[in-house]
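# Coordinate analysis (summary)
The residues making up each chain are set out below.
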Amino acid sequence: MSATDDEAHHHAAELEFENSNRRRIDEEAFFEACGFVDAMLNRSRDKIIVLHNPSWHAGVIGIVASRLVERYHLPVVLLTTIDGVAKGSARSILGFDIHSAIKRCEHMVVSFGGHKYAAGVSIQVDRVGDFREAINAVATEMITEQMLVPEIRVDAALDLNDLSPKLFAIIRQFQPFGPDNARPIFYAKNVEVAGTPRVVGKTTGHLKFQVRSSTVLRSAGGYAPNVVPFTLGGGVLEAIAFGLGDRIKELVGPDGRGRKDLELVFFLEENEYNGKVTPQLVVRDIR
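Rules behind the numbers
- Residues numbered from 1 in each chain as written.
- Predicted model: local features only at pLDDT ≥ 70, side-chain atom pairs only at ≥ 80, totals over all residues.
- Heavy atoms only, no water.
- Helix = DSSP H or I, 4+ residues; strand = E, 2+ residues; numbered from the N terminus.
- Rg over C-alpha atoms; globule rule 2.2 N^0.38 Å.
- Buried < 20%, exposed > 50% of the residue type's maximum accessible area, 1.4 Å probe, protein only.
- Contact = heavy atoms within 4.5 Å.
- Areas by Shrake-Rupley, 256 points an atom, 1.4 Å probe, with all protein chains shown as cover.
- Pairing = 2+ DSSP bridges.
- Right-handed = clockwise from strand over helix to strand, strands pointing away.
- 1 Å grid on protein atoms, 1.4 Å probe; cavity = no way out; pocket = protein on both sides within 12 Å on 5 of 7 lines; lining within 4 Å.
- Points joined across faces, edges and corners; volume = space filled by probe spheres on them.
- Nonpolar A, V, L, I, M, F, W, Y, C, P; charged D, E, K, R; others polar.
- Salt bridge = Lys/Arg side-chain N within 4 Å of Asp/Glu carboxyl O.
- Arc of directions from axis to C-beta.

## Some words on the overall build of the protein chain
- In terms of helices and strands, the protein chain carries five helices and 11 strands.
- The C-alpha atoms of the protein chain give a radius of gyration of 21 Å, which matches the 19 Å a tight globule of 287 residues would have.
- Seen through its principal axes, the protein chain has C-alpha atoms that stretch 65 × 60 × 30 Å.
- Out of the 287 residues belonging to the protein chain, those deemed buried represent 43%.
- Expressed as a percentage of contacts within the protein chain between residues at least 6 apart in sequence, the contacts between residues at least 24 apart total 65%.
- With an accessible surface of roughly 15200 Å², the protein chain has 52% of that area assigned to carbon and sulfur atoms.

## Structural notes on the pairing of strand β2 (residues 76-82)
- Extensive coverage of β2 is indicated by the burial of five of its seven residues.
- The sheet contact formed by strand β1 (residues 49-52) and β2 spans four bridges and is parallel. Looking at β2, one finds that Val-50 is bridged to Val-77.
- Taken together, β1, helix α2 (residues 61-72) and β2 form a β-α-β motif whose crossover is right-handed.
- Pairing analysis gives seven bridges linking β2 to strand β3 (residues 85-91), with the strands arranged antiparallel. What sits directly across from Leu-78, in β3, is Ser-89.
- In this antiparallel pair of consecutive strands, β2 and β3, the connection spans two residues, and Asp-83 shows a positive phi of 55 degrees.

## Structural notes on the layout of surface pockets
- Estimates place the volume of the largest pocket at around 750 Å³.
- For the largest pocket, the lining is made up of 26 residues, of which His-73, Leu-94, Glu-151, Ala-182 and Arg-284 are closest to its centre.
- The element contributing the most residues to the lining of the largest pocket is α2, with three residues.
- Broken down by class, the residue content of the lining of the largest pocket amounts to 13 nonpolar, six polar and seven charged.
- Roughly 500 Å³ of volume is contained in the second largest pocket.
- As for the second largest pocket, its lining consists of 22 residues, and the residues nearest its centre are Glu-70, Arg-71, Tyr-72, Pro-150 and Phe-242.
- Those elements that place two or more of their residues in the lining of the second largest pocket are α2, β10 (262-273) and β11 (276-286).
- Here the residues of the lining of the second largest pocket sort into 10 nonpolar, four polar and eight charged.

## Looking at the pattern of salt bridges
- A complete count under the given rule lists 13 salt bridges for this structure.
- Via salt bridges that share partners, Glu-27, Arg-67 and Glu-269 belong to a single interconnected network.

## Re the environment of Ala-29
- Among the secondary structure elements, Ala-29 is positioned in helix α1 (residues 5-40).
- Looking at Ala-29, the relative accessible area reads 5%, which means it is buried.
- In the structure, Ala-29 is positioned 188 residues away from Leu-217 in sequence and 37 Å away in space, judged by C-alpha atoms.
- Those residues in contact with Ala-29, other than ones at most four positions away along the chain, are Trp-56, Val-60 and Val-64.

## Overview of helix α5 (residues 165-172)
- If you check which residues of α5 are buried, you get Leu-167, Phe-168 and Ile-171. Projection of α5 onto a plane perpendicular to its axis shows the buried side chains occupying an angular sector of 100 degrees, all on one side.

## Things to note about unusual backbone geometry
- In this structure, Asp-83 is a non-glycine residue whose phi angle is positive, near 55 degrees.
- With respect to the helices and strands, the residue Asp-83 is situated in the loop between β2 and β3.
- The exposed category is assigned to Asp-83, whose relative accessible area is 75%.
- Positive phi outside glycine occurs at Asn-190, with the angle close to 55 degrees.
- As for its position among the elements, Asn-190 is in strand β7 (residues 186-200).

And the structure:
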């Protein structure tokens, strides 16, 4: 408890700085991990992703592992180095008991614990490669083709004009997300593609584009400051669709301009770049 308003503001600023710093570290580790996966993943061979990087921050390993599961729809074991030992978090897909899989490889690990969809594990650094091969063999045996088919369950329909700082703040309170606490998935129609979509990514193509509601809001009248829509006055929202680069033509209408009748399935995320935090739609499917 703070004794004065100034002290309270000081503590709030410190917390905001720490939170911003965590998001930056999270983003850096996530995109670095994605680069590794895109370069090495062979879906006909690999049924689980195991990555080790001694420079990753232990505090974001679990969050990043969950984000990788969402992106690649494969179980993930993400490791950093602590006191000379590779330690980290495992996250799974629906139906695959990752705790049981690690238990079948326990002769290779120092320690582990957790449950069906999330676990912690410690491995000697020089045994990470052997562990990767062993648990991939177990995963190949345990994971069925049906488990590898992504299923998108929509939680609610949402107009893009409903997106505001308050909504993002509410969703943030549900973190951390994982198999037993999935990110809320939204559906939106009457979406307009703004600007020029592009494909990004060195190995796997991802769609990067901007969107807004086809219905442009012209006035902030009646809105409290924290619920003013991001799309007010035709404002746009950043969107990214991982792995959907080959579908870029679906974002363009017959007239060669961005479609105004797009349907999206997506979840919401805050993206931090150069110290600036912006809302972002992570698109799971388009129509």
